Amino acid sequence: MRQVTVVEHLLLRQKERPMASGRFTRLLTELILSAKIIDREVSKAGLLDVLGATGEVNIQGEVVQKLDDFANQVIIRRMERAGVLCAMVSEENADFIGIPRQYPVGDYILIFDPLDGSANIDANVSIGTIFSIYRRTTFDQQAVSVGELLQKGSMQVAAGYIIYGSSTMMVYTAGNGVHGFTLDPSVGEFLLSHPDIKIPERGRIYSVNEGYFSYWDEPTRNIVNYFKSNDSATGRPYSSRYIGSLVSDFHRNLIYGGIFMYPADSRDLRKPSGKLRLMCEAAPMAMIAEQAGGLATDGKQRILDIEPQELHQRVPLFIGSKSDVEVVLKFYADAAKS
Ligand code: P6P
């Protein structure tokens, strides 16, 4: 395959669907550079004093890992000066991040989880950066309001992730299919390796943390039992695969097919809708899943149709192969009727 970089590929595809001016390209270029810097630190984490926790706790109530904080700062510092953003929202920060006065302001909004799955860092498990890009909707004021940031997932201009694994890959969509690029360390570029990724219509893998079984409601238990029984559509149990790193679990299912589930549970009354965040995890993954031919729901509606009420809102997430997600929707719809 001819060596095609992310930007070359974007420009090639733009002939079919002209995007805006070079500002989106600049945003992507700066994001890619941030990913390369993060990749360098993640790949040698065991050798440097970047493992372990900072001792702080983030907005999610989770202990901040040193690499979490490093990745967060890399993205914020690099993207704030790119001249293409009017605001950022990080999974690590309670409030949205404005653009300092000394830098030009653009029309895009970047929402990101700098290092998802970071609890696994010390165990050398694959982790990832998740990003979601919107355009601002009002221009009648200079200062961005939180209301402008609370856009539903279907308004995303682009979404993607970088997975720091056996190889470092960037997978993203700008609304024109899903494309995967693998980092070639010898040239320091992400090169097209997986053009037009399509998720198999039905999988043979289900991913869920079954340790929470006793905290699920009955329809959710029935759904998980379905996938591990001979009643499943394939006539035999699906294989259980769960890494505990959303980017890794999602990426495997995107390539092989299958369903990832993080249902609502009664473990923590402060998080009745489960653990995953709508804007920096579920919505970007949902855009990718749908662009690849899959589905993503909270059990009742499309993730991309949910109107966010707050920046760090959590949602149940069922995402992956179309037929497998449709099974979930039917279970919950039947339960609602009974
Ligand atoms: P649990 C990582 O902390 C994360 O946000 C996702 O990457 C992952 O899917 C989920 O939490 C794992 O959560 O409760 O199964 O450990």
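These numbers were taken from a predicted model, which means no experiment stands behind them. (Residues numbered from 1 in each chain as written. Predicted model: local features only at pLDDT ≥ 70, side-chain atom pairs only at ≥ 80, totals over all residues. Heavy atoms only, no water.)

Enquirer: Would you mind showing me how to read the UniProt feature "binding site: substrate" (unreviewed entry) in the chain here?
Expert: Residues given the UniProt feature "binding site: substrate" (unreviewed entry) here are N209, Y242 and K275. Of note, Y242 is situated in the loop between strand 11 (239-240) and helix 6 (246-256). With sequence-adjacent residues up to four places away left out, Y242 is seen in contact with S207, V208, N209, D249, F260 and Y262. Positionally, K275 belongs in the loop between strand 12 (259-262) and helix 7 (278-291). (UniProt positions renumbered as here; feature names shortened; annotations may be inferred. Helix = DSSP H or I, 4+ residues; strand = E, 2+ residues; numbered from the N terminus. Contact = heavy atoms within 4.5 Å.)

Enquirer: Please explain the pairing of strand 14 (residues 317-320) as it appears in this structure.
Expert: In the case of a regular strand, side chains alternate between the two sheet surfaces. In strand 14, alternate side chains face the same way, and those of L317 and I319 on one face and F318 and G320 on the other are all buried. Taken together, the four bridges between strand 12 and strand 14 define a ladder with antiparallel strand orientation. In the strand pairing of strand 14, F260 is matched with I319. Bridging between strand 13 (residues 295-297) and strand 14 involves three bridges; their strand directions are antiparallel. Following the sheet pairing, A296 is matched in strand 14 by I319. (Buried < 20%, exposed > 50% of the residue type's maximum accessible area, 1.4 Å probe, protein only. Pairing = 2+ DSSP bridges.)

Enquirer: Hey, could you run me through the sheet that holds strand 4 (residues 108-116) in this one?
Expert: Two strands in a sheet stick together by hydrogen bonds in their backbones, pointing the same way (parallel) or opposite ways (antiparallel). Taken in spatial order, the seven strands of this open sheet run 3-4-5-6-7-8-9, and their pairing is mixed. Both outer strands of the open sheet, strand 3 (85-90) and strand 9 (189-194), are each paired with one neighbouring strand and no more. Each strand of the sheet is rotated relative to its neighbour by a mean of 20 degrees, with strand direction disregarded. Sheet topology note: the strand 8 (residues 178-184)/strand 9 ladder contains five bridges and is antiparallel. Looking across to strand 9, one finds that L183 is bridged to F190. Contacts between helix 1 (residues 6-14) and the sheet are confined to strand 7 (168-173), strand 8 and strand 9, with strand 8 contributing the most and set at about 155 degrees to the helix. (Axes fitted to C-alpha atoms, helices over the stretch in contact; angles between N-to-C directions.)

Enquirer: Just checking my understanding: could you explain the site of the ligand for this structure?
Expert: Around the ligand there are 14 residues in total, and D116, Y212, Y242, L246 and Y262 lie nearest to it. Residue Y242 places a side-chain N or O atom 2.5 Å away from an oxygen atom belonging to the ligand. The contact in question runs from an oxygen atom of the ligand to an N or O atom on the backbone of L246, over 2.8 Å. Within the complex, the protein chains bury 87% of what would otherwise be the 410 Å² of accessible surface of the ligand. Of the residues belonging to the shell around the ligand, the class tally is six nonpolar, four polar and four charged. (Near = heavy atom within 4 Å. Polar contact = N/O pair within 3.5 Å; in protein donor to acceptor, adjacent residues only side chain to side chain. Areas by Shrake-Rupley, 256 points an atom, 1.4 Å probe, with all protein chains shown as cover. Nonpolar A, V, L, I, M, F, W, Y, C, P; charged D, E, K, R; others polar.)

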